[in-house]
Amino acid sequence: MNSIVLFKNNLRINDNPALFHASKSKNKILPVYIYDDIHVKKQLGSASRYWLHNALISLNKSLNFNLSFYRGDTIDVLMKIIKKYEISDIYCEQPFLKNDIILFDQLKLKLSMFNVKFNIYNCTLLWDPQYILKKDNTPYKVFTPYYKKGCLEKIKPDMPLGMPCKFNFVKKNNDSKIDDLKLLDKFRWYDKMDNQWNISENSAEKILDLFLESSIYNYKKGRDFPALNDTSKLSPYIRFGMISLNKIWYALDRLNFDRNIAHYKSELGWREFSYYLLYYFSFMETQNLQTKFDNFNWENSSEKFDAWKKGETGYPIVDAAMKELWETGYMHNRMRMVTASFLVKNLLVDWRLGESWFWDCLLDADYASNIAGWQWTAGTGADAAPYFRIFNPILQGEKFDHEGKYTLKYIPQLKDVPLKYLQKPWEYSSNLDYVNRIVDLKDSRDNALYHYSLIK
Ligand SMILES: Cc1cc2nc3c(=O)[nH]c(=O)nc-3n(C[C@H](O)[C@H](O)[C@H](O)COP(=O)(O)OP(=O)(O)OC[C@H]3O[C@@H](n4cnc5c(N)ncnc54)[C@H](O)[C@@H]3O)c2cc1C
């Protein structure tokens with residue numbers, strides 16, 4: 001008999017519990033990837049599809065070109081493969097998002113009718129949300145007690161399993177090709193990404209090693225400065241499971257303990273918290289977690305939203321960040337907070353519109369972290385920045401890009417503006433080759449607070 005190893009969001013061979021356990025059994029294995037655009041709430045964005053395409057090429061190589069690609073309904077596709085290859089077992093990652101949980105429940109039922117065993121393993125999170133509850137058996141809504149009391153004090157993440165000793169593949173008799181998945185857009189916008197990102201499991205491990213050798217020791221402070229290279233930039237690799245969280249966690253444990261390492265771990269904790277929130281409060285995928293915001297009167301001006309998307313708001317730090325996103329498929333964390341706050345609070349555009357733009361453009365677009373990040377910044381989420389705390393983009397730029405390197409990298413036309421005026425160039429000259437501000441900071445702030453007062 002044979003086993004299918006079904007890859008979904010964990011596209012790696014090192015410390016992949018599903019692959020590891022399948023490889024240990026007597027069965028031969030058939031690695032399968034199904035691009036299922038039917039059982040999804042939201043189609044993958046262009047940037048994610050580009051990353052996925054390349055991650056699958058890398059995974060196929062690691063599996064000695066034994067990965068089979070299919071497109072369609074997961075259950076239908078699996079039923080066909082099961083008949084063709086005498087399958088007795090399926091190995092896969094445990095789902096944590098609502099849609100996947102529903103799909104897997106249906107699949108499990110179907111497989112039981114065909115006597116196929118469904119083996120699932122947690123390949124995605126350090127802590128399985130179902131085991132993390134408060135004393136009264138209700139879920140946490142505040143990060144610090146969730147992370148410290150619920151996770152750190154109670155459960156040690158699993159040790160990484162390492163690489164399977166050997167693979168014994170089923171001889172497949174189909175020649176499915178990655179191109180059949182049609183992941184790439186016809187317009188080759190992504191050519192510019194090819195020389196910025198090396199999309200392979202090996203690269204993810206190298207990036208981690210390099211980060212742990214140097215930048216980690218300045219992480220707590222340096223992580224706020226977008227011109228520095230003090231964050232790991234592992235997010236797209238983590239999003240597509242090209243590196244295991246358990247491996248990262250225990251690699252951090254091997255370093256001498258210091259506050260930077262604890263801080264980096266807590267950021268991984270925020271990712272866990274995002275999945276946790278969506279696990280228990282799945283309505284927040286589309287609705288405000290704090291329901292009082294359901295009555296908020298968003299203005300949703302399409303002109304302002306377009307200007308924000310293009311990086312033409314007239315606020316240099318906001319515009320630089322939106323251009324970073326467009327040119328690199330990535331945006332620094334502080335800049336995500338600044339641009340999101342600006343859209344939601346100064347432009348009064350619904351966070352869901354910003355979330356969908358990020359979803360389309362980010363290479364690391366992660367269903368849980370993106371929604372939780374937007375709700376946090378908008379003030380509508382759990383343990384969120386209060387709505388009335390509105391980032392001032394001028395001060396944010398002056399504080400976190402005080403030498404202007406990041407701003408000028410993306411808005412070079414401001415290079416002759418003295419640093420003192422870089423974040424408020426309108427005070428320097430009205431004859432610059434740069435867009436006018438689309439809103440006044442004070443007026444838009446007052447307007448936001450007024451709108452907020454109506455729902456308080
Ligand atoms: C509005 C908004 C939207 C966001 N959308 C996403 C998204 O779609 N995908 C995504 O991976 N992250 C998202 N984040 C979180 C964070 O900005 C990125 O994870 C981080 O910038 C990635 O860069 P890095 O790998 O260098 O991070 P590092 O600082 O090196 O952190 C290491 C890892 O920890 C995780 N992490 C760090 N900070 C956070 C956080 N605040 N929330 C959740 N996980 C975190 C990521 O997996 C990251 O790769 C969003 C944040 C905001 C405010």
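Quantities reported herein were computed from a predicted structural model and do not represent experimental measurements.

*Asks:* Even after reading the chapter, I still don't get the overall build of the chain, so can you show me in this structure?
*Replies:* What the chain contains, in helices and strands, is 19 helices and five strands. Scaling as 2.2 N^0.38, a compact globule of 456 residues should have a C-alpha radius of gyration of about 23 Å, and the chain matches this with 23 Å. The C-alpha extent of the chain, read off along each of the three principal axes, is 75 × 50 × 45 Å. Counting every position in the chain, which comprises 456 residues, the buried fraction comes to 42%.

*Asks:* How should I be thinking about the domain arrangement of the chain in this particular structure?
*Replies:* Taken domain by domain, the chain comprises domain 1 (2–123), domain 2 (125–159 + 202–280) and domain 3 (291–455). Placing the centre of domain 1 and that of domain 3 at their C-alpha centroids yields a distance of 38 Å. Of the residues belonging to the side of domain 1 that touches domain 3, the class tally is three nonpolar, three polar and one charged.

*Asks:* Would you mind going over unusual backbone geometry with me for this structure?
*Replies:* The bulk of non-glycine residues show a negative phi, and the bulk of peptide bonds are trans. Positive phi values are uncommon outside glycine, yet asparagine 64 reaches one of about 50 degrees. By the element assignment, asparagine 64 lies in the loop between helix H2 (46–62) and strand S3 (68–71). With a phi angle near 50 degrees, glutamate 86 is a residue other than glycine that sits in the positive phi range. Here glutamate 86 lies in the loop between helix H3 (74–85) and strand S4 (87–93).

*Asks:* Explanation requested: the sheet that holds strand S1 (residues 2–7) in the structure shown.
*Replies:* In any sheet, the strands associate via hydrogen bonds between backbone groups, in a parallel or an antiparallel arrangement. The strand order across the open sheet built from five strands is S3-S2-S1-S4-S5, with neighbouring strands paired in parallel fashion. The sheet is open, and its two edges are formed by S3 and strand S5 (117–121), each paired on a single side. Going across the sheet, the axis of each strand differs from the next one's by a mean of 25 degrees, ignoring polarity. Contacting S1, strand S2 (28–35), S4 and S5, helix H1 (residues 17–24) crosses the sheet at an angle of about 155 degrees to S4.

*Asks:* Would you mind showing me how to read the packing of helix H11 (residues 259–280) against helix H16 (residues 367–378) here?
*Replies:* Two quantities define a packed helix pair, namely the angle between the helix axes and the distance between the axes. Running from amino to carboxyl end, H11 crosses H16 at an angle of 90 degrees, the nearest separation of the two axes being 8 Å. Of the possible angle classes, the one that applies to H11 and H16 is roughly perpendicular. Side by side, H11 and H16 meet where Arg271, Ser274, Tyr275, Leu277 and Leu278 of the first sit next to Ala368, Ser369, Ile371 and Ala372 of the second.

*Asks:* Just to check I follow, could you spell out the site of the ligand for this structure?
*Replies:* Residues in close proximity to the ligand total 27 residues, the closest being Thr231, Ser232, Arg271, Asn370 and Gly373. Mapped onto the shell around the ligand, the elements with two or more residues apiece are helix H9 (235–239), H11, helix H14 (333–346) and H16. Considering only residue class, the shell around the ligand consists of 10 nonpolar, nine polar and eight charged.

*Asks:* Quick question: what am I supposed to make of the nonpolar core here?
*Replies:* What tends to happen in soluble globular proteins is that the nonpolar side chains get buried as a cluster. In terms of nonpolar packing, the biggest core is built from 114 residues, with Val5, Val32, Ala55 and Ala321 touching the most fellow members. For this core, the element with the most residues is H11, which contributes eight residues. Discounting chain neighbours no more than four positions away, the residues touching alanine 321 are Met331, Met335, Val338 and Thr339.

Thresholds applied
- Residues numbered from 1 in each chain as written.
- Predicted model: local features only at pLDDT ≥ 70, side-chain atom pairs only at ≥ 80, totals over all residues.
- Helix = DSSP H or I, 4+ residues; strand = E, 2+ residues; numbered from the N terminus.
- Rg over C-alpha atoms; globule rule 2.2 N^0.38 Å.
- Buried ≥ 20, exposed ≤ 12 C-beta atoms within 10 Å, placed from the backbone.
- Domains from an automatic or database assignment.
- Nonpolar A, V, L, I, M, F, W, Y, C, P; charged D, E, K, R; others polar.
- Pairing = 2+ DSSP bridges.
- Axes fitted to C-alpha atoms, helices over the stretch in contact; angles between N-to-C directions.
- Contact = placed C-beta atoms within 7 Å.
- Parallel < 35°, antiparallel > 145°, perpendicular 65-115°, else oblique.
- Near = placed C-beta within 6 Å.
- Core = buried A, V, L, I, M, F, W, Y, C linked by C-beta atoms within 7 Å.

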